[in-house]
Amino acid sequence: SAVISQKPSRDICQRGTSLTIQCQVDSQVTMMFWYRQQPGQSLTLIATANQGSEATYESGFVIDKFPISRPNLTFSTLTVSNMSPEDSSIYLCSARQGGYNEQFFGPGTRLTVL
Amino acid sequence: AQRVTQPEKLLSVFKGAPVELKCNYSYSGSPELFWYVQYSRQRLQLLLRHISRESIKGFTADLNKGETSFHLKKPFAQEEDSAMYYCTIFGNEKLTFGTGTRLTIIP
């Protein structure tokens, strides 16, 4: 199984600013994902981070708001841009290995926007 | 589009009593279903998957295609089972999560 770490673990930000969240996996993985978990809600997929190409975004999420990078098979970043209080959530990185469809999850980044 | 429904947001069960967390799904193809669990202050982790038909921590879940259900069961609840449980379906190259059930075991 893959172990995923995220930085920062939490942050409090002012509206209008941007925050970049880093995700590091301890082994090479085929696919990486970013999820959002709003207070009291379930997980919603933001996008699939593709290595060497643009991320694939789900309906309701756009690149200008959530730019994603994946420079190699073990690392990805998610930026939350021009933040508003509605962006206050837990952001989770996830990864899938090889031919398996189960996914591993990072500990999450708890973001509060004032 | 795939969808997962967990009708119970909260479930409280006495220690030693049976547990059943309900999950229904909709998916046009052949589904692959999982249960994920999140214990207090821990990350989300896989509990079990339907294709392996295994029992993890005493929990089992059987895929019923006729009823499109994947209920999670345990015959005797333990206090350490208190957690948030998510039923998920894998389809179209992505996992879709249900809304989750918070299980509380009463000592």
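Shown above is the structure to which this text applies.
Residues take numbers from 1 onward in each chain, read along the sequence in its written order. As they are written, the chains are lettered A onward and the ligands numbered 1 onward, keeping that order. The predicted nature of this model means local features are confined to residues of pLDDT at least 70 and side-chain atom pairs, given and counted, to a pLDDT of 80 or more, with totals for whole chains, interfaces and linings taken over all residues. Values shown for side chains rest on all heavy atoms present in the structure; no hydrogens or waters enter the calculation.

Caption draft 1: Geometry of the sheet that holds strand 7 (residues 68-72) of chain A. All names here are of chain A. Pairs of strands are assigned from DSSP output, requiring at least two bridges between the strands. In DSSP terms, a helix is any run of H or I states spanning at least four residues, a strand is any run of E spanning at least two, and both are numbered starting from the N terminus. Across the sheet, 4 strands lie side by side as 1-3-8-7; this open sheet has antiparallel pairing. Two strands bound the open sheet, and with one partner strand each, they are strand 1 (4-7) and strand 7. Averaged over all pairs of adjacent strands, the angle between strand axes in this sheet comes to 20 degrees, irrespective of strand direction. Relative to strand 8 (residues 75-80), strand 7 runs antiparallel, the two sharing 3 bridges. Each bridged residue has a counterpart across the sheet, and for Asn72 the counterpart in strand 8 is Phe75. Fitting a line to C-alpha atoms yields each axis, with helices limited to the stretch in contact; the angle taken between N-to-C directions then spans 0 to 180 degrees.

Caption draft 2: Here's a closer look at unusual backbone geometry. Cis peptide bonds are those with omega within 30 degrees of zero, and the linkage from Lys7 of chain A to Pro8 of chain A qualifies with -10 degrees. With respect to the helices and strands, Pro8 of chain A occurs in the loop between strand 1 and strand 2 (10-13). Backbone geometry at Arg41 of chain B places phi at a positive 65 degrees, although glycine is not the residue there. Examined against the element boundaries, Arg41 of chain B turns out to sit in the loop between strand 5 (32-38) and strand 6 (45-49). Judged by its relative accessible area of 84%, Arg41 of chain B falls in the exposed class. Backbone geometry at Asn92 of chain B places phi at a positive 55 degrees, although glycine is not the residue there. Only protein chains enter the area calculation, which uses a 1.4 Å probe; residues under 20% of their type maximum are buried, those over 50% are exposed, and those in between are partly exposed.

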